[in-house]
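What the coordinates show
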Amino acid sequence: MLPILYSYRRCPYAMRARMALKYAGIQVEHREIVLRNKPQSMLLLSPKGTVPVLCVDGFILEQSLDIMRWALTRSDPDEWAAVDESMAQAWIEKNDGPFKSLLDQYKYPNRFPELAQEGVLAQAIELMLKPMELTLQSNQFLMGSKMAWVDVAIFPFIRQFSMVSPQKFADLPFPSVKKWLDHHLQSELFNSVMDQYPAWID
């Protein structure tokens, strides 16, 4: 039996998991969920009710980074995992923690009426975009001269950030970040995991 992956096309966490699985050459049975009507089979496996969820060989992986790491232990042809772990962890903690909170505030201003969107944008720039620009001015990727799992883990969130207000993003003075983002957006890997699937119904 193939591993079963519960996913949602536009979710950045699911996106990075799908990219790692595809890169590692791991075939899965893809089950696309509807957020308002999550399948009972997924909720039985993972009561938290968020994607991605991977069911493989009788065990459950319900965090995107765990799925990425599992995939890379199976196959890592370009050595995505051969990076400085402490540096990698620093990027991930910043992205998945405070930057994700700012991204939600920026993307859904109606949920945070007490916050000024321009202030949120400024915080996100200082926290994530400026450090990325500085790094990418001297390196093609976040961890050096070659792509690593960290780039793939962070890319879907920067993509989402850029889509909130495309014109504002275009006006930002971060050419290296934009080049890095375009590299991923145009990659065969990213586009190969963005197929549309019918909703899975138990």
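Residues numbered from 1 in each chain as written. Predicted model: local features only at pLDDT ≥ 70, side-chain atom pairs only at ≥ 80, totals over all residues. Heavy atoms only, no water.

**Points about the packing of aromatic side chains**
Scanning the model with the defined rule gives six aromatic pairs in all. With centroids separated by 3.6 Å and ring planes inclined at 0°, the aromatic side chains of Tyr23 and Trp80 adopt a geometry described as stacked. Here Trp80 lies in the loop between α3 (64-74) and α4 (85-107) and Tyr23 lies in helix α1 (residues 12-23), a separation of 57 residues in the sequence. The class of Trp80 is buried, set by a relative accessible area of 2%. When the ring of Phe161 is compared with that of Phe169, the centres are 6.3 Å apart and the planes differ by 80°; the resulting orientation is edge-to-face. For the pair formed by Phe161 and Phe169, the shared burial category is buried. An aromatic cluster is defined as three or more aromatic residues linked by ring pairs; in this entry it consists of Phe99, Tyr106, Phe161 and Phe169. The side chain of Lys94 reaches across the aromatic face of Trp91, ending 5.5 Å from its centre. The ring of Tyr108 has Arg111 lying over it, and the distance from NZ or CZ to the ring centre is 3.8 Å. (Phe/Tyr/Trp six-rings, centres within 6.5 Å; stacked < 30°, edge-to-face > 60°. Helix = DSSP H or I, 4+ residues; strand = E, 2+ residues; numbered from the N terminus. Buried < 20%, exposed > 50% of the residue type's maximum accessible area, 1.4 Å probe, protein only. Lys NZ or Arg CZ within 6 Å of the ring centre and 35° of its normal.)

**So, the pairing of strand β3 (residues 53-56)**
The two faces of β3 match: Val53 and Cys55 on one face and Leu54 and Val56 on the other face are all buried. In terms of strand pairing, strand β1 (residues 4-7) meets β3 through three bridges, oriented antiparallel. Looking at β3, one finds that Tyr6 is bridged to Val53. Bridge analysis of β3 against strand β4 (residues 59-61) gives three bridges, and the strand direction is antiparallel. Pairing of Val56 across the sheet is with Phe59, part of β4. (Pairing = 2+ DSSP bridges.)

**Describing the packing of helix α6 (residues 149-164) against helix α8 (residues 175-185)**
Relative orientation of the contacting elements α6 and α8 amounts to 105°, with a least axis distance of 10 Å. Between α6 and α8, the interaxial angle falls into the category roughly perpendicular. Contacts between α6 and α8 involve Asp151, Ile154, Phe155, Ile158, Arg159 and Ser162 from the first element and Val177, Trp180, Leu181, His184 and Leu185 from the second. Classifying every residue of the contact of α6 with α8 by side-chain character gives seven nonpolar, two polar and two charged. (Axes fitted to C-alpha atoms, helices over the stretch in contact; angles between N-to-C directions. Parallel < 35°, antiparallel > 145°, perpendicular 65-115°, else oblique. Contact = heavy atoms within 4.5 Å. Nonpolar A, V, L, I, M, F, W, Y, C, P; charged D, E, K, R; others polar.)

**Side note on the pairing of β1**
What you see with β1 is no split at all: Ile4 and Tyr6 on one side and Leu5 and Ser7 on the other are buried throughout. Of the strand pairs in this sheet, β1 and strand β2 (residues 29-32) are connected by four bridges, and their pairing is parallel. In the sheet register, Ser7 faces β2, and the bridge partner there is Glu32. In this region the chain leaves β1, passes through α1 and returns to the parallel neighbour β2; the handedness of that crossover is right-handed. (Right-handed = clockwise from strand over helix to strand, strands pointing away.)

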